[in-house]
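Listed here are the chains, written in short residue letters.
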Amino acid sequence: MPFLSAAQRRAGSELGSASAVADSKQTLLCTYLSAVVLVGLLANSLFGWNWADPIAVLVIAAVAVKEGREARRGDSCCAVPIGGMAAAEGEQSDGCGCCTPAEERGVDAR
């Protein structure tokens, strides 16, 4: 899955598809969440740590809250800035805060 995510991100950037880049991020997030569930289940079954499952659920909830807060603040990265292909090749456009932290764009981070 991490390799699929990297390939999706690369293809999305080359095609200028913001949805493909966002899908690659979602694929990577699913990989992380699956790994957390697997670790929790293995700890429970191998060592009898029955508290490992609830800890895994809390980690998943924390990741979900973090992603939700970032989405609410608008912390996202577009594949091709609104300025077009010249902006995609390194020139920042005014229409998109591509890969720039919210604080640097003047967006309230609360």
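Computed from a predicted model, the values in this text were never measured in an experiment. (Residues numbered from 1 in each chain as written. Predicted model: local features only at pLDDT ≥ 70, side-chain atom pairs only at ≥ 80, totals over all residues. Heavy atoms only, no water.)

Q: I tried to follow the overall build of the protein chain on my own but got confused; where do I start?
A: In terms of helices and strands, the protein chain carries 5 helices and 0 strands. Ordering the α and β elements of the protein chain from the N terminus gives α-α-α-α-α. In the protein chain, which comprises 110 residues, the share counted as buried stands at 21%. Residue pairs at least 24 apart in sequence account for 35% of intrachain contacts in the protein chain once pairs closer than 6 positions are excluded. With the model as given, the accessible surface of the protein chain reaches about 7,600 Å², and the carbon-plus-sulfur share is 63%. (Helix = DSSP H or I, 4+ residues; strand = E, 2+ residues; numbered from the N terminus. Buried < 20%, exposed > 50% of the residue type's maximum accessible area, 1.4 Å probe, protein only. Contact = heavy atoms within 4.5 Å. Areas by Shrake-Rupley, 256 points an atom, 1.4 Å probe, with all protein chains shown as cover.)

Q: Where do I start with the packing of helix H1 (residues 2-15) against helix H2 (residues 18-47) in this structure?
A: The angle between the axes and the distance between the axes are what describe a pair of packed helices. Remark: H1 packs on H2, axes separated minimally by 8 Å, with the N-to-C direction vectors making an angle of 170°. Classified by the interaxial angle, the pair formed by H1 and H2 is roughly antiparallel. Contacts between H1 and H2 involve Pro2, Leu4, Ser5, Gln8, Arg9, Gly12 and Ser13 from the first element and Ala20, Val21, Asp23, Ser24, Lys25, Thr27, Leu28 and Thr31 from the second. Grouping the constituent residues of the contact of H1 with H2 by class yields 5 nonpolar, 7 polar and 3 charged. (Axes fitted to C-alpha atoms, helices over the stretch in contact; angles between N-to-C directions. Parallel < 35°, antiparallel > 145°, perpendicular 65-115°, else oblique. Nonpolar A, V, L, I, M, F, W, Y, C, P; charged D, E, K, R; others polar.)

Q: Where do I start with the packing of H2 against helix H3 (residues 52-73) in this structure?
A: Running from amino to carboxyl end, H2 crosses H3 at an angle of 165°, the nearest separation of the two axes being 7 Å. The pairing of H2 with H3 is recorded here as roughly antiparallel in orientation. Where H2 crosses over H3, the handedness of that crossing is right-handed. The residues of H3 that touch H2, namely those facing Lys25, Leu29, Leu33, Val36, Val37, Gly40, Leu41, Ala43 and Asn44, are Ala52, Asp53, Ala56, Val59, Ile60, Val63, Glu67 and Glu70. When its residues are assigned to classes, the contact of H2 with H3 shows 11 nonpolar, 2 polar and 4 charged. (Left-handed = near helix turned anticlockwise from the far one by under 90°.)

Q: Just to check I follow, could you spell out the pattern of salt bridges for this structure?
A: Side-chain pairs of opposite charge can arise where the charged atoms are in close proximity. Enumeration over the complete set of coordinates arrives at 2 salt bridges. Lys66 is the partner of Glu70 in a salt bridge, and the nearest nitrogen-oxygen pair spans 3.0 Å. Of this pair, Glu70 and Lys66 are both found in helix H3, 4 residues apart, which corresponds to roughly one turn of the helix. Overlapping salt bridges bring together Lys66, Glu67 and Glu70 as one network. (Salt bridge = Lys/Arg side-chain N within 4 Å of Asp/Glu carboxyl O.)

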